[in-house]
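Residue-level structure breakdown
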Amino acid sequence: KFSQKFNLAEYESKCSSNVHLAPKWKVWLDAMKEVEKAEFLFRGLQRGNVWRIHYACPGEDLIKLEGRIDGKVCEWFVIFEPSPKSEQKPDEIFSRPLARMILNKDKAKDLLDGNWELFTPEPDVFQAQIIGKGALVDSWQVTLGMEHGSTVLGTENDWPLKRFNRYQVIVKDEDKKKLDRDISGDYALYETCDA
């Protein structure tokens, strides 16, 4: 159980302090209270470049705990999926995990020994520059043989036919502090990727 891991009392005031964001904070807080009560059952393991361990909490809303392990890092994510029976459209805050823990391999005594970071509805925006570099190659849609232009259903597919095989990401120094790791650098696209 997570009842000792999250201190939700400090977030209670956010529900009333910011009138614009109050509804999002309430939805988030209600979901986190459900996560605190969750008891997870093992659901499976996927092996690949990144190993994934799946746990789930049965109930009306689906609460998942997912571990991801690669050669460098072990991370845990708490994912909340509102019940499909709900009369309300799911909030966009559920499109990403609600919490994450990065295991410190030098200090951790077990696989769940670490500090949880909560992804709150508090907005924080910055700009990053992405520059295409390298050779132009077929887009993944073209590689899969997907139709471009008008389709038989009368819809229009206007994705690019080509893409760069390398990209450079540039983030200003003052914005790098907003991230847990620097994402600046050169990225290469791989033809086969299990992500």
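Look a little higher up for the structure.
Heads up: these notes are all about the structure in this document.

Re the sheet that holds strand E7 (residues 128-138)
- With antiparallel pairing, the 3 strands of this open sheet are ordered in space as E7-E10-E11. Strands with a single pairing partner mark the edges of an open sheet, and in this sheet they are E7 and strand E11 (185-188). When strand polarity is set aside, the average angle formed by the axes of neighbouring strands in this sheet is 20 degrees.
- By the bridge criterion, 9 bridges tie E7 to strand E10 (residues 162-171) in an arrangement that is antiparallel. Across the sheet, residue Ile131 finds its bridge partner in E10, namely Gln168.

A closer look at the sheet that holds strand E4 (residues 74-81)
- As summarised here, the arrangement of the 6 strands in space is E1-E2-E3-E4-E5-E6, forming an open sheet in which the pairing is antiparallel. Since the sheet does not close on itself, it has two edges, and those belong to strand E1 (41-46) and strand E6 (117-118), each with one partner.
- Pairing of strand E5 (residues 99-102) with E6, which is carried by 2 bridges, proceeds in the antiparallel orientation. From the neighbouring strand, Ala99 faces E6, where its bridge partner is Leu118.
- This element, helix H2 (residues 22-37), spans strand E3 (62-69), E4 and E6 of the sheet and lies at about 115 degrees to E4.

Brief notes about the pattern of salt bridges
- Under the criterion given, the structure shown has 13 salt bridges.
- Residues Arg100 and Glu75 are paired through a salt bridge, measuring 3.7 Å at the closest nitrogen-oxygen approach. Here the residue Arg100 occupies a position in strand E5, and Glu75 occupies one in strand E4, the gap between them amounting to 25 residues. Residues Arg100 and Glu75 agree in their burial class; the two are buried.
- Between Arg166 and Asp186 there is a salt bridge, with its nearest N and O atoms 3.6 Å apart. A residue pair is termed long-range when its members are at least 10 positions apart, and Arg166 in strand E10 and Asp186 in strand E11 qualify at 20 residues.
- Looking at Asp186, the relative accessible area reads 52%, which means it is exposed.
- In the salt-bridge network here, residues are joined through shared partners; they are Glu75, Arg100, Glu117 and Arg181.

Here's the deal with H2
- Across its 16 residues, H2 extends 23 Å between first and last C-alpha, which sits within 8% of the 22 Å expected from 1.5 Å per residue.
- Taken as a whole, H2 has its buried residues at Ala22, Trp25, Trp28, Leu29, Ala31, Met32, Val35 and Glu36.

Regarding the environment of Asp61
- With respect to the helices and strands, the residue Asp61 is situated in the loop between strand E2 (51-57) and E3.
- Each C-alpha atom, one on Asp61 and one on Pro82, is 4.8 Å from the other, the two residues being 21 residues apart in sequence.

As for the packing of aromatic side chains
- Tallied over the full model, the rule gives 5 aromatic pairs.
- Summarising the aromatic geometry, the rings of Phe42 and Tyr55 are spaced 5.5 Å apart at their centres and angled 70 degrees between planes, so their arrangement reads as edge-to-face. Of the two residues, Phe42 sits in strand E1 while Tyr55 sits in strand E2, which places them 13 residues apart along the sequence.
- Take Phe42: its relative accessible area is 49%, and that puts it in the partly exposed class.
- Owing to a relative accessible area of 26%, Tyr55 belongs among the partly exposed residues under this scheme.
- When the centroid spacing of 6.2 Å and the interplanar angle of 85 degrees are considered together, the rings of Phe164 and Tyr167 count as edge-to-face.
- With a relative accessible area of 25%, Tyr167 lands in the partly exposed category.
- Three or more aromatic residues joined by ring pairs form one cluster here, namely Phe42, Tyr55 and Trp76.
- Positioned above the aromatic ring of Phe77 is the side chain of Arg68, whose terminal nitrogen or guanidinium carbon lies 4.2 Å from the ring centre.

How each quantity is defined
- Residues numbered from 1 in each chain as written.
- Predicted model: local features only at pLDDT ≥ 70, side-chain atom pairs only at ≥ 80, totals over all residues.
- Heavy atoms only, no water.
- Pairing = 2+ DSSP bridges.
- Helix = DSSP H or I, 4+ residues; strand = E, 2+ residues; numbered from the N terminus.
- Axes fitted to C-alpha atoms, helices over the stretch in contact; angles between N-to-C directions.
- Contact = heavy atoms within 4.5 Å.
- Salt bridge = Lys/Arg side-chain N within 4 Å of Asp/Glu carboxyl O.
- Buried < 20%, exposed > 50% of the residue type's maximum accessible area, 1.4 Å probe, protein only.
- Expected span 1.5 Å × (residues − 1).
- Phe/Tyr/Trp six-rings, centres within 6.5 Å; stacked < 30°, edge-to-face > 60°.
- Lys NZ or Arg CZ within 6 Å of the ring centre and 35° of its normal.

These figures capture arrangement, not role.
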